[in-house]
Amino acid sequence: MPDLLAYDYAIIRVVPRVEREEFVNVGVVVSCASHKFLGARIELDEQRLMALDSTLDLEVIRDYLAAIPLICVGGEPAGPIGRLPQRDRFHWIVAPRSTVIQTSRVHTGLCPSLPHVIEHLLDTMVRPCKQNKMTAIRTA
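For clarity, every value in this text was computed on a predicted model and none was experimentally measured.

## Some remarks on the pattern of salt bridges
Thought 1: Counted under the stated rule, the structure contains 10 salt bridges.
Thought 2: The salt bridge partner of glutamate 119 is arginine 127, with a shortest N-O separation of 2.7 Å.
Thought 3: Judged by its relative accessible area of 30%, glutamate 119 is partly exposed.
Thought 4: One continuous salt-bridge network, built from bridges that share partners, spans Arg41, Glu43, Glu119, Asp123 and Arg127.

## So, the environment of leucine 49
Thought 1: As for its position among the elements, leucine 49 is in helix 1 (residues 46-52).
Thought 2: Once the C-alpha coordinates of leucine 49 and threonine 103 are considered, the two residues, 54 residues apart in sequence, prove to be 16 Å apart.
Thought 3: Aside from chain neighbours lying at most four places away, what touches leucine 49 is Val14, Pro16, Val24, Leu44, Leu56, Leu58 and Ile61.

## Regarding the nonpolar core
Thought 1: Core analysis: the biggest nonpolar cluster contains 21 residues, and Val29 and Leu65 have the highest contact counts within it.
Thought 2: Those elements giving two or more residues to this core turn out to be strand 1 (5-14), strand 2 (24-32), strand 3 (37-42), helix 2 (58-73) and helix 4 (86-94).
Thought 3: Looking at this core element by element, the count peaks at 6 residues for helix 2.
Thought 4: Each residue touching leucine 65, except ones within four places of it in the same chain, is listed here: Ile12, Val14, Val26, Ile42, Leu44 and Ile101.
Thought 5: By size, the runner-up hydrophobic cluster in this structure holds 14 residues, among which are Leu5, Tyr9, Ile11 and Leu114.

## Some words on the packing of aromatic side chains
Thought 1: Tallied over the full model, the rule gives 1 aromatic pair.
Thought 2: Measuring from ring centre to ring centre gives 5.9 Å for tyrosine 7 and tyrosine 9, while their planes differ by 35 degrees; the resulting arrangement is tilted. In terms of burial, tyrosine 7 and tyrosine 9 fall into one category: buried.
Thought 3: Of note, arginine 13 hangs over the ring of phenylalanine 23, and the distance from its end group to the ring centre comes to 4.1 Å.

## Overview of the side chain of aspartate 8
Thought 1: As for its placement among the helices and strands, aspartate 8 is situated in strand 1.
Thought 2: On the basis of relative accessible area, aspartate 8 is assigned to the buried category, the value being 15%.
Thought 3: Looking at aspartate 8, its side chain comes within polar contact range of the side chain of threonine 108, at 2.9 Å.
Thought 4: Residues within four places of aspartate 8 in sequence aside, it is in contact with Val29, Val30, Ser31, Arg87, Phe90, Val106, His107 and Thr108.

Cut-offs and rules
Throughout this description, residue numbers start from 1 for each chain and increase along the sequence as written. In view of the model being predicted, local features appear only for residues whose pLDDT reaches at least 70, and side-chain atom pairs are presented and counted only at 80 or more, with totals across whole chains, interfaces and linings using the full set of residues. Excluding hydrogens and water, the side-chain values take into account all heavy atoms of the structure. Should a side-chain nitrogen of Lys or Arg be within 4 Å of a carboxyl oxygen of Asp or Glu, the pair is scored as a salt bridge. A 1.4 Å probe rolled over the protein chains alone gives each residue an accessible area, and that area as a share of the maximum for its type sets the label: buried under 20%, exposed over 50%, partly exposed in between. Elements are defined by DSSP. Helices are runs of H or I of four residues or more, strands are runs of E of two residues or more, and each kind is numbered from the N terminus. The criterion used for residue contact is that any of the two residues' heavy atoms lie within 4.5 Å. The criterion is simple. A nonpolar core is a set of buried Ala, Val, Leu, Ile, Met, Phe, Trp, Tyr and Cys residues joined through side-chain atoms within 4.5 Å. Here the aromatic set is Phe, Tyr and Trp, taking the six-membered ring for Trp, and pairing holds for ring centres within 6.5 Å; pairs whose planes are under 30 degrees apart are stacked, those over 60 apart are edge-to-face, and all others are tilted. By definition here, charges over rings are those cases where NZ of Lys or CZ of Arg is within 6 Å of the ring centre and within 35 degrees of the ring normal. Any N or O atom pair separated by 3.5 Å or less is treated as a polar contact, with the protein-specific requirement of one donor-capable and one acceptor-capable atom, and with residues adjacent in sequence counted only for side-chain atom pairs.

Written out as structure tokens, the structure reads:
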């Protein structure tokens with residue numbers, strides 16, 4: 001059995017109207033200190049988001065979300081936050097906020113491959129659920 005890597009992750013959310021506490025999961029951020037890995041993927045489903053609030057400025061939301069993967073990479077394009085050490089950038093991204101862009105609590109997991117865990121988290125936590133055959137039979 002391959003060695004398993006310990007990683008931390010959080011789900012990235014858009015909360016159109018913070019007072020209503022409704023949100024759409026739009027991405028994931030994953031950190032693995034032992035492999036010096038910090039990565040994020042965003043998959044914004046604009047139609048789902050607009051169903052919660054049709055007055056949203058999607059261009060602003062896209063800009064805010066685009067900053068997260070840049071911060072993960074670090075360096076000058078990520079601004080002052082990009083100059084922080086990798087682990088500090090992760091903690092900055094997942095810090096609790098009362099804004100339109102939020103993250104879930106940080107969770108920990110074990111995996112054999114970090115790129116695969118990002119894809120798995122997107123499938124299970126961000127992308128719309130796929131209907132399996134048993135669900136289709138029960139609802140028919």
